[in-house]
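Fold and contact review
In case you want the letters, here they are:
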Amino acid sequence: MVSSSIPTVDLCPFFNEEGDEHGKKEAIETITKACSEHGFFNIMNHGIPTDLMNKALQLSKTFFQYPPEEKLKLSPAPGDCQIPVGYNIQPGHSVDKNEYFLVFQPGSSMNVYPENLPELRSVIEDLYSRFLGIGSLLESIINDCLGLPQNFLKEYNNERAWDFMAAFRYFPATEKEANGITEHEDGNCITFVFQDEVGGLEVRKDGEWIPVVPVEGHIVVNVADFIQVLSNKKFKSATHRVVRTKGRSRYSYGFFYNLHWDKWVEPLPQFTTEIGEPPKYKRFLVKEYQKMRMRNKLDPPARPEDEIGITYYAIDT
């Protein structure tokens, strides 16, 4: 019988100045188990105020209710950016049924915001800055979970220019279909998500789909492709999807802690040559992989199974 929930990790011990070593040890054990099995867990006491998260959801709801012609003013020009900053809606022939608003770090010249909703910018920039801190903390914890030298991942991934955050709206389900985002793994390092009460996020665990039930103030964390490659598949890039609900839109935010696009990625020697294990992935350039994935999103293949994933670089062993 598969558990109907994902584990919740209390991050309070990592903010405790007095040092709660027992609490840290418990968190590391829980995260290690989750990442080894399916790559998903919740975090609480993470430092982002619940009021800020709720405000961000409410403002995104206001924005997505704007007329299409207003939202499209904030859409990138075709080929303008390798990651589509601003407003985007999935093509009509896509199996994914959502729209989203994407930003890079505060101060980026590529960011665009609606002029008639100035509060959206201030809330998003506040939220983004706080996610940078959580991303750094979780990267450090995962570093310890993998048994890597202290600060190894921090020094390896010391450039934050390619992180990004997006607000999402998933359209209500129809009688014929309810797919919001088809099953996939994320093409970055670590993803953070919070969703409204509608829910719909599901993770595949032991061959079954497990609903990630929304809990106010909680943030969902999933390990993504680059951690899976670096760890030589010791940690799993989480397979997940979004299922839409009839009669209601679903709103959420995702923060994508990434690698620089000029970075080369391959399984680390700690998980290959040093322990006598063959590498499970070929060496590849981040920008090469990201461009292929973005082409899939902007011009989806006729069959979802034809989308490029990290298996593209897998080595048959």
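This text gives an overview of the structure that appears in the document.

The rules behind each value
- Residues numbered from 1 in each chain as written.
- Predicted model: local features only at pLDDT ≥ 70, side-chain atom pairs only at ≥ 80, totals over all residues.
- Heavy atoms only, no water.
- Pairing = 2+ DSSP bridges.
- Helix = DSSP H or I, 4+ residues; strand = E, 2+ residues; numbered from the N terminus.
- Axes fitted to C-alpha atoms, helices over the stretch in contact; angles between N-to-C directions.
- Contact = heavy atoms within 4.5 Å.
- Parallel < 35°, antiparallel > 145°, perpendicular 65-115°, else oblique.
- Left-handed = near helix turned anticlockwise from the far one by under 90°.
- Nonpolar A, V, L, I, M, F, W, Y, C, P; charged D, E, K, R; others polar.
- 1 Å grid on protein atoms, 1.4 Å probe; cavity = no way out; pocket = protein on both sides within 12 Å on 5 of 7 lines; lining within 4 Å.
- Points joined across faces, edges and corners; volume = space filled by probe spheres on them.

Some thoughts on the sheet that holds strand 10 (residues 219-223)
Spatially, 1-2-10-7-12-5-4-3 is the arrangement adopted by the eight strands of the open sheet, whose pairing is mixed. Strand pairing shows two members of the sheet lacking a second neighbour, strand 1 (8-10) and strand 3 (86-89), which therefore form its edges. Across this sheet, the average inter-strand angle for adjacent strands is 25°, counted without regard to direction. One ladder, built from four bridges, connects strand 2 (residues 40-44) with strand 10; its direction is antiparallel. Of the residues in strand 10, the one forming a bridge with F40 is N222. Each of strand 3, strand 4 (98-103), strand 5 (164-170), strand 7 (190-195), strand 10 and strand 12 (250-257) touches helix 3 (residues 50-64); the most contacted strand, strand 12, lies at about 115° to it.

Examining the packing of helix 3 against helix 5 (residues 118-145)
Contact geometry for helix 3 and helix 5: axes closest at 10 Å, N-to-C directions at 140°. Considering the angle they form, helix 3 stands oblique to helix 5. Crossing angle aside, the handedness with which helix 3 passes helix 5 is left-handed. Residues L52, K55, A56, L59, S60 and F63 of helix 3 form the contact with helix 5, whose participating residues are E119, L120, V123, D126, L127 and R130. The residue inventory of the contact of helix 3 with helix 5, partitioned by class, reads seven nonpolar, one polar and four charged.

Thoughts on empty space enclosed by the protein
Enumeration over the complete set of coordinates arrives at three cavities of 30 Å³ or more. Volume-wise, the largest cavity comes out at about 580 Å³. In terms of lining, the largest cavity is formed by 31 residues, of which the most central are F168, H184, D186, F256 and K297. Mapped by element, the contributors of at least two residues to the lining of the largest cavity are strand 4, strand 5, strand 6 (179-184), strand 7, strand 11 (240-243), strand 12 and helix 8 (286-298). Here the element with the most residues in the lining of the largest cavity is strand 12; it accounts for five residues. Broken down by class, the residue content of the lining of the largest cavity amounts to 15 nonpolar, twelve polar and four charged. Roughly 50 Å³ of internal volume is contained in the second largest cavity. Lining the second largest cavity we find N42, V193, F194, Q195, V212, V213, P214, V215, H218 and V220. Broken down by element, the lining of the second largest cavity gets its largest block of residues, three residues, from strand 7. Along the lines of polarity and charge, the residues of the lining of the second largest cavity split into seven nonpolar, three polar and no charged.

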